[in-house]
Amino acid sequence: MRVERRGRVIRALSVVNRDGAGGAGERAEAKATKSFVLSKWAVHEAYEKVKANQGAAGVDEVSIARFEEDLNGNLYKIWNRMSSGSYFPPPVRAVEIPKRGGGVRVLGVPTVADRVAQTVVAMALEPAVEPIFHPDSYGYRPGRSAHDALERCRERCWRSDWVVDLDIRAFFDSIDHDLLLKAVSKHTDLPWVLLYIQRWLIAPLEKEDGTLVARDRGTPQGSAISPLLANLFLHYAFDMWLTKEFPTVSFERYADDAVIHCVSKAQAEQVLGALAQRLGDLGLELHPEKTRIVYCKDENRRGDHDHTSFDFLGYTFRRRRVRSEAGDLFDSFGPAISDTAAKAIRQRIRRWRLHLRSGSSLEDLAREVNPVVRGWINYYGRFYRSWLRRSLARINEYLVRWARRKYKRLARHPSRSWQWLGLVAERSPTLFAHWRVAWP
């Protein structure tokens, strides 16, 4: 089925003997010599990536499902306009997402067609820049993950006593366009790549009330090209600069979230001061409240400091009681799910209101919640899983309340309800995904 559909798309993209390819003007333009050489296969591959990532509709309110109603024609239009140099991106829909720590983050949602076009450019640029990226840059890179960054950070915290925990204020909104385009031009000889990136950078944001906001800085979070552009900008602004100026210092960076490891407080202060100056020269600013120097205090590190913990990629690094391979308990410094992430999980569980779903079966409830719970376990259960267990155990509490509403014989007997749930878990241990972490 997939092969047949792919064949239909490619045949439909042909500029020869094509009906309904966006009108006579489009067909006449297709016969003319193109300004740029773009592969039709690349457009189709880009669409497959966009579809796999899903995402909401943009300002044109065209969803992926609606885009597929005329998939052949829509892909042809993208290829035809991009190859002729006449592709101009529409405004980006602005969506405000509440931050866990308060305030809002503005995401930019391009149209489906624009996400396809951006992905075409990203696919052309990535092979040129990926090989030059620093090995300790982990965000949005093939073959690298947040867990890789967390593992490396944990190992380095054991070796180095001090950390600079960085937070760049409104990074994606503050990127200097001229500097970014200069970096792009250094790594591509394809004029259409530079042309379309320039157009995307200045495409306006459209607010919910329809107001258009012009942009002369930044690249919207949520667009397909932004992660690659952010990595390229920070490669020069942060990675290469830090490697040159402080060659003995190590770091992990995931997009604009970074941790720097130092051997002393004095070195951490020196690095932080120099970095603040460096970023300031590039139009960026370290968040004064969220950027801090942290002492990685454990059983063997004496003394104290104002900050002895930090958050990185949804995990909190701090002193924790652990057991050695020999079975001895000692204080180490390591990561577990952060309080902020754990609170968000508990809030999501509460919003499910499982205890009020007495008309549903346990199997119904499991099918609904398991995909989300598996995601939590896969991400937050990598280190110190016992801390995740505390939040997932809330699901059992709601299941007990569900049972007491559904079965009259359990209504007045909480202890029997827990026994009942335990028996269900013994009979069907894989029914709920969280039972491999938080047994009732």
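Source: prediction; values computed, not measured.

(A) Main features of the overall build of the protein. For the protein, the helix and strand inventory stands at 16 helices and 11 strands. Dimensions of the protein, computed from the C-alpha atoms along their principal axes, are close to 75 × 65 × 45 Å. Looking at the protein residue by residue over its 440 residues, the buried ones come to 48%. Taking as baseline every contact in the protein between residues at least 6 positions apart, the subset at least 24 positions apart corresponds to 68%. For the protein, the accessible area works out to roughly 22200 Å², and carbon and sulfur atoms hold 48% of it.

(B) Examining the packing of aromatic side chains more closely. Applying the stated criterion across every chain yields a total of 22 aromatic pairs. With 5.9 Å between their ring centres and 45 degrees between their planes, Y76 and W79 make a pair best called tilted. Of this pair, Y76 and W79 are both found in helix α5 (residues 71-84), three residues apart, which corresponds to roughly one turn of the helix. Judged on exposure class, the residue Y76 and its partner W79 are both buried. Both rings, one in Y140 and one in Y254, keep their centres 5.7 Å apart while their planes meet at 55 degrees; by these two values the pair is tilted. With Y140 in the loop between α6 (112-129) and α7 (146-159) and Y254 in strand β6 (residues 250-254), the pair connects residues that are 114 residues apart, well separated along the chain. In this structure Y254 comes out as buried when scored by relative accessible area, which is 19%. Among the aromatic residues, those joined into a ring-pair cluster are Y315, Y379, Y380 and F383. One residue, K40, lies across the ring of W79, its end atom 4.2 Å from the ring centre. The ring centre of W387 lies 5.1 Å from the NZ or CZ of R320, which sits over that ring.

(C) Molecular detail of the pairing of strand β10 (residues 315-323). Both strand β9 (residues 310-312) and β10 contribute to a ladder of three bridges, which runs antiparallel. Along β10, the bridge assignment pairs F312 with Y315. Here β9 folds back onto β10 in antiparallel fashion, the turn holding two residues, of which L313 has a positive phi close to 55 degrees. Where β10 lies against strand β11 (residues 329-337), nine bridges are found, and the strand directions are antiparallel.

(D) Structural detail: the pattern of salt bridges. Applying the stated rule across the entire model yields 17 salt bridges. Across the pair D298 and R301 runs a salt bridge whose closest N-O atoms are separated by 3.8 Å. In this structure, D298 and R301 share a single accessibility class: buried. Notably, a salt bridge pairs R321 with E299, separated by 3.8 Å at the nearest N-O pair. Note that R321 is positioned in strand β10 and E299 in the loop between β8 (292-295) and β9, a separation of 22 residues in sequence. In this structure R321 comes out as exposed when scored by relative accessible area, which is 52%. Here the salt bridges share partners, and the residues they tie into one network are D136, R152, E155, R156 and E252.

(E) Spotlight on α5. With 14 residues, α5 should reach 20 Å at 1.5 Å per residue; the first-to-last C-alpha distance of 20 Å fits that figure. Among the 14 residues that make up α5, 11 are buried, leaving the element largely enclosed by the rest of the structure. All buried positions along α5 are accounted for by L71, G73, N74, L75, Y76, I78, W79, N80, M82, S83 and S84. Within two residues after α5, G85 carries a phi angle of roughly 80 degrees, on the positive side.

(F) Main features of a positive patch on the surface. Among the surface-exposed residues, K343, R348, R350, R351 and R394 lie close enough to one another that they form a single positively charged patch. Of the residues forming the positive patch, the biggest block, four residues, is contributed by helix α13 (residues 339-352). Assignment of secondary structure puts R348 in helix α13. Classification of R348 as partly exposed rests on a relative accessible area of 33%.

Criteria and thresholds
Residues numbered from 1 in each chain as written. Predicted model: local features only at pLDDT ≥ 70, side-chain atom pairs only at ≥ 80, totals over all residues. Heavy atoms only, no water. Helix = DSSP H or I, 4+ residues; strand = E, 2+ residues; numbered from the N terminus. Buried < 20%, exposed > 50% of the residue type's maximum accessible area, 1.4 Å probe, protein only. Contact = heavy atoms within 4.5 Å. Areas by Shrake-Rupley, 256 points an atom, 1.4 Å probe, with all protein chains shown as cover. Phe/Tyr/Trp six-rings, centres within 6.5 Å; stacked < 30°, edge-to-face > 60°. Lys NZ or Arg CZ within 6 Å of the ring centre and 35° of its normal. Pairing = 2+ DSSP bridges. Salt bridge = Lys/Arg side-chain N within 4 Å of Asp/Glu carboxyl O. Expected span 1.5 Å × (residues − 1). Patch = residues over 30% accessible without salt bridge, like charges linked within 9 Å, V, L, I, M, F, W, Y side chains within 5 Å. Lys, Arg positive; Asp, Glu negative; His and termini not counted. Charge placed at Lys NZ, Arg CZ, Asp CG, Glu CD.

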